[in-house]
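# Examining the three-dimensional arrangement
These are the residues of each chain, in order.
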Amino acid sequence: MTSTGSGGRARPRPARTGGAAARARLRVSAPTTASGGTGAPAADPRPPRSTAPTTAPAARRGGPAAPFPTAGPPPVPGHPHGEHTQGSLFDVVKVAIAMLDTAGRVVLWSPAAEELLGWPSEVLVGRRIEELVVDEQQVADLREVFRAALRTGSWQGLTQLRHRDGPSIPVEARISLLVDGDGTPFLLVALAEARTLQAVERDLAVRDALFEQSALGIAVLDTDLRYTAVNQTLAEMNGVAAEDHVGRTTGETLPERAADEISVIQRQVLATGDPVIDVTLAGPSTARSGYRSISYSRLTDRGGRVLGISGTVMDVTERYRAVAKVEHARRRLALLNEFGSRIGDLLDAARIAQELASAVVPRLADFAAAILLQAVAHGDDLPRHGHDRRTSLLQLGVAAAQDGEEVEVMLRRGARISFAEESCYGRVLRTGVPELLSGAEELEDATYPGDPKVRAALTLGAHSVLVVPLRARGIVIGLLVLSRAGRREAFDRDDLAFSVELADRAGSSLDNARLYVRERTAALTLQRTLLPQQVPQPTGVEVAYRYVPGSSGTEVGGDWFDVIPLPGDRTALVVGDVMGHGLRAAATMGRLRTAVRVLAALDLPPDVLLRHVHELADDLAQGPDEALLATCVYAVYDPATARLTVAKAGHIPPVLIHPPTPGPARTGSPLLGGEGRVLDLPSGAPLGVGGVPFESVELLIPEGSVLALCTDGLVESRDKDLDVGLGRLQAVLEKPYGSIQHACEAVLDTMEQGREPDDVALLLARLGRGEEGARTVGWTLPAEPTAVSRARRLVRGALQEWDAEELTDTVELLVSELVTNAVRYASAPIGVRLTYGETLLVEISDPLPDPPRERHAAAADEGGRGLELVRRLALRWGARAEGMGKVVWFEQELSGKETIHD
């Protein structure tokens, strides 16, 4: 048996009532502390059992038994209804009490002892307790224990006692020597199951280890939220000694600002019982200030009574800073991604500069300015030499967290900027090395003395400035200037590194925008060079036109138009669109326009002309591996007959507006509006596609009608059919306008906002009659030999009537040659028409489609010289197809002088 002794004797108060029977009926249980100690015996609440051993020491004194209540213990002060609290530590560690005399006989045996060992008091009272030990050696040891207790006054240790059902139970025993008022000694034995006590002691040891050795700060507070215990870790965190916490509230212990939030959480947990876990707060301003993670939960005993709250505090400063650093990096990365997406499709240096400034305010800075070289903004080549004070800079992007006059002085969009070479800004421009300025003194030294921008910045409270180069291809193309003001922290090296990364991304986009502007400017220059420089105003037609390049978000396209005067006062109106964008599309457009003009000079019908252009597709293509793909509409108007012949190759159809009252209209006179329609023409395949024949449609046009030709950029949109755009164009042109030029502007003003950002070519033509004062006469002659002489007489008569007898001989000769050829080869009527205007136009028509071919007659040949005479004597001559036949024509000057053209 292991034993430990302790000296001293506990003397009970003198017994006022006694008797062996009374003491035999007395059952007591000793309360225990957390370590298993005993206190004064208390009456067992259960009814007493009757036993009267004659060996009980108190029996020798005699006297009546002391009365004890049988309904339970006395009421607990402050406890509701005086009820006994259930679920206390006594329910976990049951302490059995026994009273022995000096011979080891049982005088009292508590109900807890009965429950622990199974022996009822009726059996054991008056018997030696050593009967519960079976081993002789243990009996001897037990007797020695009794003697030691009688000698020293106490004993404690482990032993084993036999349970009534057989097995031995390890128990921890505490023996105390008691002496009554008569001087009679007794031994008070407190027994508890050893395994339970060891578990409690282990739990207490764990609690002590956790409380005192934990890296977490631990606190226990009562229902008044006053500290009852804190460990050393929490005391160090709070900067207050542990003993100075006890009895004080958090508000009395910590600084007011730090205590307010914690006190609110403590009251909430105490009132609701809902725990609060891992709430991060700023720690108090102590030697270990930083960030704390606090957790609180409510404390209750085993009976559910609220005892207070417990809390744990963990120093999470490093974790918080790591998370804050990660979050800071995430926000910076998000800003980079957002900025990249905002400028990804921009090709305008000014817009990119503005997006750059707007992106960093207020997330990175309070004020921002993006300053670019003028060459970048205008699409010029980057400078090959270093920057100096003569370098031209433009402030194209500005952003500020506030407004005011001082902000306008410091940040004015579009302002021209110049820097001294020795200034901070000049150094960054020259070296490409960013600089960080801090404090008013460095800001004042950044530029020249008295700089109004610096004064404005200081007035606004600026105290930290970053000057970061915008670079492209290793060349500094501008500056990004960021400023912080007020109570905001100054820039650090991380901010500088991030700003450099942001500026580098912006620099690449700015250089792309510069290259795009340069290429687009070159393409526009080429395209405008290839477009008509002067649009003629031919006889009987009043023309207005507009060309609108695509927006800055797209390259220049291949849209084009042309107005080509044809013989006989006729006019060709052309609008086309080459698929694609850029320089190559513009160059292809120029080749296509040239081909159309050359073929138009042959006076070919529209469908024939388009067929010939299509046959040239391979030669007109942008490259050997790329096919020509273009659309075109070609219209020829003859003011003498008021006939319009139109053909198209995959192009959108023209719109024709009929005036309300047909009649002559002077150039520049108002448009009367009218009723419009979209011309229903055979679509034809785009040039370069083939497979669909081109067809011409001939229309008789009322005088004063307006014909509108345009490209698809004017009427197409992303979400609407082509018919909607054509209907809108028709509706606009049906209104009256002051002139045809005003009608052009009205059409452009009503362009669909959601349309593709493509080029637009618009050509309006008011169709009238021939020149004012011109006279026309014509005849139809049979294809007989007599037709030649008759034609000569008719021509002579007309010239005499027009007072142009000086032309008679030449005109009669040429008419007789052409009519003779028509009579020789044609079998249908022959037409002769004279038009007297600025020149004399003579037209000979026949149904034979084959054009005349000029021959070079030998000296001995009798014929073959007719067309040669026409070529030599006429001002101009030619042939064109008309209907199923042809027309051969020539012009003569009205000066009265015959001119021979070699």
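Structure report, in brief.

Cut-offs and rules
Residues numbered from 1 in each chain as written. Predicted model: local features only at pLDDT ≥ 70, side-chain atom pairs only at ≥ 80, totals over all residues. Heavy atoms only, no water. Salt bridge = Lys/Arg side-chain N within 4 Å of Asp/Glu carboxyl O. Helix = DSSP H or I, 4+ residues; strand = E, 2+ residues; numbered from the N terminus. Buried < 20%, exposed > 50% of the residue type's maximum accessible area, 1.4 Å probe, protein only. Contact = heavy atoms within 4.5 Å. Pairing = 2+ DSSP bridges. Axes fitted to C-alpha atoms, helices over the stretch in contact; angles between N-to-C directions. Core = buried A, V, L, I, M, F, W, Y, C linked by side-chain atoms within 4.5 Å. Phe/Tyr/Trp six-rings, centres within 6.5 Å; stacked < 30°, edge-to-face > 60°. Lys NZ or Arg CZ within 6 Å of the ring centre and 35° of its normal. Patch = residues over 30% accessible without salt bridge, like charges linked within 9 Å, V, L, I, M, F, W, Y side chains within 5 Å. Areas by Shrake-Rupley, 256 points an atom, 1.4 Å probe, with all protein chains shown as cover. Lys, Arg positive; Asp, Glu negative; His and termini not counted. Charge placed at Lys NZ, Arg CZ, Asp CG, Glu CD. Expected span 1.5 Å × (residues − 1).

So, on to the pattern of salt bridges. Per the stated rule, a full pass over the model turns up 36 salt bridges. We note a salt bridge from D366 to R488, for which the minimum N-O separation is 3.1 Å. Of the two residues, D366 is situated in the loop between helix 11 (349–360) and strand 14 (367–373) and R488 in the loop between strand 19 (475–485) and helix 17 (493–530); the sequence distance between them amounts to 122 residues. Among the residues examined, R488 registers a relative accessible area of 25% and is labelled partly exposed. With a shortest N-O distance of 3.4 Å, R471 and D504 are connected by a salt bridge. Here R471, found in strand 18 (residues 462–472), pairs with D504, found in helix 17; they are 33 residues apart in sequence, far enough to count as distant. Within the structure, one salt-bridge network assembled from shared partners comprises E338, R342, E355 and R363.

The subject of this paragraph is the environment of K648. Relative to the helices and strands, K648 resides in strand 24 (residues 643–649). The class of K648 is buried, set by a relative accessible area of 6%. Along the backbone, K648 and G576 are 72 residues apart, and their C-alpha atoms lie at a distance of 9.5 Å. Excluding anything up to four places from it in sequence, K648 contacts L610, C632, V633, P653, L681, P682, S683, G684 and F694.

So, on to the sheet that holds strand 17 (residues 435–438). Taken together, the six strands give an open sheet; going across it, the order is 16-15-14-19-18-17, and neighbouring strands pair in antiparallel fashion. The open sheet is flanked by strand 16 (415–417) and strand 17, the only strands paired with a single partner. Averaged over all pairs of adjacent strands, the angle between strand axes in this sheet comes to 25°, irrespective of strand direction. Sheet topology note: the strand 18/strand 19 ladder contains 10 bridges and is antiparallel. Bridge pairing in strand 19 places L466 opposite L482. Sitting on the sheet, helix 11 touches strand 14, strand 15 (393–400), strand 18 and strand 19, and the angle it makes with strand 15 is about 35°. Contacts between helix 14 (residues 424–431) and the sheet are confined to strand 15, strand 17, strand 18 and strand 19, with strand 19 contributing the most and set at about 145° to the helix.

Within a sheet, each strand pairs with its neighbour through backbone hydrogen bonds, oriented either parallel or antiparallel. Taken together, five strands build an open sheet; the order of strands is 30-31-32-34-33 and the sheet is antiparallel. The open sheet has two free edges, formed respectively by strand 30 (775–781) and strand 33 (876–882), since each of these has just one partner strand. Strand-to-strand twist in this sheet, taken as the mean axis angle between neighbours without regard to direction, amounts to 15°. Both strand 32 (residues 840–846) and strand 34 (residues 885–892) contribute to a ladder of seven bridges, which runs antiparallel. In the strand pairing of strand 34, S845 is matched with V887. Running at roughly 165° to strand 30, helix 23 (residues 786–801) makes contact with strand 30, strand 31 (830–836) and strand 32 of the sheet.

Turning our attention to the nonpolar core. Of all hydrophobic cores here, the largest spans 68 residues; its most connected members are L470 and L482. The residues touching L470, leaving out its near neighbours within four places in the chain, are L356, I371, L372, I475, V476, I477, G478, L479, L480, A503, A506 and L510.

Below, the discussion takes up the packing of aromatic side chains. Each aromatic ring pair is characterised by the separation of its centres together with the angle its planes make. Within this structure, the stated rule accounts for four aromatic pairs. Above the face of the F498 ring, R332 is positioned so that its terminal group lies 4.7 Å from the ring centre.

On a regular strand, one side chain projects to one face of the sheet and the next to the other, so that they alternate. When you tally the buried positions in strand 8 (residues 185–193), you get seven out of nine residues, the bulk of the element. Relative to strand 8, strand 4 (residues 95–100) runs antiparallel, the two being bridged by six bridges. Paired with A96 across the two strands is L191, which belongs to strand 8. Sheet topology places strand 7 (residues 168–179) next to strand 8; nine bridges connect them, and they run antiparallel. Its bridge partner lying in strand 8, A173 is registered against L191. Linkage of strand 7 to strand 8, two consecutive antiparallel strands, is achieved through a turn of five residues, within which G183 is found at a positive phi near 85°.

A word on unusual backbone geometry. Here the residue pair V361 and P362 is connected by a cis peptide bond, since its omega of 5° sits within 30 degrees of zero. Within the element layout of this structure, P362 appears in the loop between helix 11 and strand 14. With a phi close to 55°, D278 is a non-glycine residue in the positive phi region. The exposure class of D278 is partly exposed, given its relative accessible area of 40%. Positive phi, close to 60°, is recorded for D603, a residue that is not glycine. Note on placement: D603 falls in the loop between helix 18 (583–601) and helix 19 (606–615).

Attention shifts here to a negative patch on the surface. A contiguous patch of negative charge, built from E441, E442, E444 and D445, is present on the exposed surface. For E444, a relative accessible area of 44% puts it in the partly exposed group.

This next bit is on helix 24 (residues 808–825). Every α-helix winds through 3.6 residues per turn, so residues three or four apart in the chain are directed the same way. For helix 24, which comprises 18 residues, the first-to-last C-alpha distance of 26 Å matches the rise-based estimate of 26 Å (1.5 Å per residue) to within 8%. Buried residues of helix 24: T808, T810, V811, E812, L814, V815, S816, L818, V819, A822 and V823, and no others. In this structure, the buried residues of helix 24 make contact with helix 23, strand 31, strand 32, helix 25 (866–873) and strand 34.

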